[in-house]
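Descriptive structure summary
If you want the building blocks of each chain, they are given just below.
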Amino acid sequence: MRTNFETLENLASHTINTLKEKGVIEFDISNREKLIEAMATEFGVALATDEDIRDQAIEEVEEKMGVDNMPEDVTESEMFNHARKEIIKSFSGENIGGLYLVESLHNIAKRMTRFLIDCEFIDDVFGTDEEIHNFLVQNIRTFRSR
């Protein structure tokens, strides 16, 4: 399965559901969709999808060949495949549930802990920063895209 923004939304939904079940966050249920969207967007800063990598590889091919000289189906070109592999290699090949780590898992958890505390759609957060951080590391590590 190819990953895209919907995969980030699935991760956000999974994270929010688990945080709510464990009593770590409280929020107005009418804000659930907005919270998922905001969290997925924040995850998107730290995690790259297959779609992101594809777009970045196309940009690299456009830069090298020029927009006017692009093959009809650039994704079938050798240059595209090489660019894509190099981009993936730049992430050290690390991925979780088909999402590539732009930042370390530790930094992603720190980013998301700050997000939970600062998010306008969350009414209250319970637990220490360290507890939330450890929970997020475990939650992200075990995520599997559908």
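Residues numbered from 1 in each chain as written. Predicted model: local features only at pLDDT ≥ 70, side-chain atom pairs only at ≥ 80, totals over all residues. Heavy atoms only, no water.

**Some points on the packing of aromatic side chains**
With the rule as written, the count across this model stands at zero aromatic pairs. Between K20 and the ring centre of F27, over which it is positioned, the NZ or CZ distance is 5.3 Å. (Phe/Tyr/Trp six-rings, centres within 6.5 Å; stacked < 30°, edge-to-face > 60°. Lys NZ or Arg CZ within 6 Å of the ring centre and 35° of its normal.)

**Remarks on the sheet that holds strand β3 (residues 95-96)**
Spatially, β2-β4-β3 is the arrangement adopted by the three strands of the open sheet, whose pairing is antiparallel. With one partner strand each, in any of the chains shown, β2 (47-48) and β3 form the two edges of the open sheet. Pairing of β3 with strand β4 (residues 99-101), which is carried by two bridges, proceeds in the antiparallel orientation. Residue pairing for β4: I96 is matched across the bridge by L99. (Pairing = 2+ DSSP bridges. Helix = DSSP H or I, 4+ residues; strand = E, 2+ residues; numbered from the N terminus.)

**With respect to the environment of K64**
For K64, the location among the structural elements is in helix α3 (residues 50-65). Note on K64: relative accessible area 60%, which makes it exposed. Considering only alpha carbons, one finds K64 and M79, 15 residues apart in sequence, at a separation of 9.2 Å. (Buried < 20%, exposed > 50% of the residue type's maximum accessible area, 1.4 Å probe, protein only.)

**A closer look at the packing of helix α1 (residues 5-21) against helix α6 (residues 129-141)**
Axis separation between α1 and α6 bottoms out at 11 Å; the angle between their running directions is 135°. Taken together, α1 and α6 sit at an angle that is classed as oblique. By crossing handedness, the relation of α1 to α6 is classed as right-handed. Of the residues in α6, those touching α1 at L11, H14, T15, T18 and L19 are F135, L136 and N139. A class-by-class count of the residues in the contact of α1 with α6 yields four nonpolar, four polar and no charged. (Axes fitted to C-alpha atoms, helices over the stretch in contact; angles between N-to-C directions. Parallel < 35°, antiparallel > 145°, perpendicular 65-115°, else oblique. Left-handed = near helix turned anticlockwise from the far one by under 90°. Contact = heavy atoms within 4.5 Å. Nonpolar A, V, L, I, M, F, W, Y, C, P; charged D, E, K, R; others polar.)

**Re the pattern of salt bridges**
Taken as a whole and judged by the stated rule, the model has six salt bridges. As a salt-bridge pair, E26 and K20 come within 3.2 Å of each other at their nearest N and O atoms. Note on E26: relative accessible area 33%, which makes it partly exposed. In this structure K20 comes out as partly exposed when scored by relative accessible area, which is 32%. (Salt bridge = Lys/Arg side-chain N within 4 Å of Asp/Glu carboxyl O.)

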